[in-house]
Amino acid sequence: LVIEDHRSDSVDVIHTIVDLNIRPVLNTSISGNTKLLIKAKTAAVNDMRFDFEGLIVDSVLGTTVSGFDHQDSLLYVQLSQPLDQTQQSEITVYYHGQPEQDDTGWGGFYFSGGYAWNLGVGFGADPHSYGRIWFPCFDNFIERSSFEFFITTDSVKTAACNGLLLNEISNGDGTRTFHWKLDQSIPSYLACVAVGTYETLNS
């Protein structure tokens, strides 16, 4: 096994919070933000590179963020001051757009019949890991992060994600927000969301 992506040698993505509006009845677009809690593993980390493909970046915010550049499938984030080893920082990326699908027909983000869901592996994509089409990440099989999801959708829909459902909030405007949390760390391709007219079975 030849490892070509060495970002995780210098930066660790500890926790990822995906906060998105996904309303499959209205359109085939998503909007919202992803917050990344990162930790420097080496000294003098001045910038970082995230995988993020097909969506439009509106802004990148954080106390240490000085700028960003989104080129094709890569999001470059510049820091106003270097991070020392073990120092942590939060970076929040705001974005919107219609997420991509893999050319092979397997992988990406789908809207069909009032449902929306992702497939985290793109058979024709390089790399095959396909988390980058709906949230910024280190989209490889090395980096692992714990996750939280805040998914807002139509009140008649249910949003299901990894982990445990912590809360379900009625927003009073015809939408509901579902808060899921996964304490175990997973690679980006295993993060998932599905929105539809589901029923809950408890056993």
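Up top you'll find the structure we're talking about.
A few points on the structure. Given the structure is predicted, the values throughout are model-derived calculations rather than measurements. (Residues numbered from 1 in each chain as written. Predicted model: local features only at pLDDT ≥ 70, side-chain atom pairs only at ≥ 80, totals over all residues. Heavy atoms only, no water.)

**Describing unusual backbone geometry**
Okay, so step 1: With an omega dihedral of 0°, the bond running from D126 to P127 counts as a cis peptide bond.
Okay, so step 2: Along the chain, the position of P127 falls in the loop between strand 9 (115-119) and strand 10 (145-154).
Okay, so step 3: Phi is positive for A44, close to 60°, though the residue is something other than glycine.
Okay, so step 4: Note that A44 resides in the loop between strand 2 (30-40) and strand 3 (45-51).
Okay, so step 5: According to the relative accessible area criterion, A44 is partly exposed, its value standing at 48%.
Okay, so step 6: If you check the backbone angles, D72 has positive phi at about 55° while not being a glycine.
Okay, so step 7: As for its position among the elements, D72 is in the loop between strand 5 (65-71) and strand 6 (74-83). (Helix = DSSP H or I, 4+ residues; strand = E, 2+ residues; numbered from the N terminus. Buried < 20%, exposed > 50% of the residue type's maximum accessible area, 1.4 Å probe, protein only.)

**What to know about the pattern of salt bridges**
Okay, so step 1: Enumeration over the complete set of coordinates arrives at eight salt bridges.
Okay, so step 2: Residues D5 and R7 are paired through a salt bridge, measuring 2.5 Å at the closest nitrogen-oxygen approach. The same class applies to D5 and to R7, which are both buried.
Okay, so step 3: For R23, the salt bridge is made with D154, and the minimal N-O distance between the two is 3.0 Å. With a gap of 131 residues between them, R23 in the loop between strand 1 (11-22) and strand 2 and D154 in strand 10 connect regions that are remote in the sequence.
Okay, so step 4: We classify D154 as buried; its relative accessible area is 9%.
Okay, so step 5: Salt bridges sharing partners connect three or more residues here, namely D5, R7 and D51. (Salt bridge = Lys/Arg side-chain N within 4 Å of Asp/Glu carboxyl O.)

**Thoughts on the sheet that holds strand 6**
Okay, so step 1: Pairing within the open sheet is antiparallel, and its three strands lie in the order 3-6-5. Whereas interior strands pair on both sides, the edge strands pair on one side only; in this sheet they are strand 3 and strand 5. Sheet twist, expressed as the mean angle between neighbouring strand axes with direction ignored, is 20°.
Okay, so step 2: Here strand 5 runs beside strand 6; their pairing, made up of six bridges, is antiparallel. Pairing of F68 across the sheet is with V77, part of strand 6. (Pairing = 2+ DSSP bridges. Axes fitted to C-alpha atoms, helices over the stretch in contact; angles between N-to-C directions.)

**Observations concerning the pairing of strand 12 (residues 164-170)**
Okay, so step 1: Looking at chain direction, strand 12 and strand 13 (residues 175-186) are connected through six bridges and run antiparallel. In the sheet register, N167 faces strand 13, and the bridge partner there is H179.
Okay, so step 2: Where strand 12 folds back on strand 13, the antiparallel hairpin that results is connected by four residues, among which G172 adopts a positive phi of roughly 75°.

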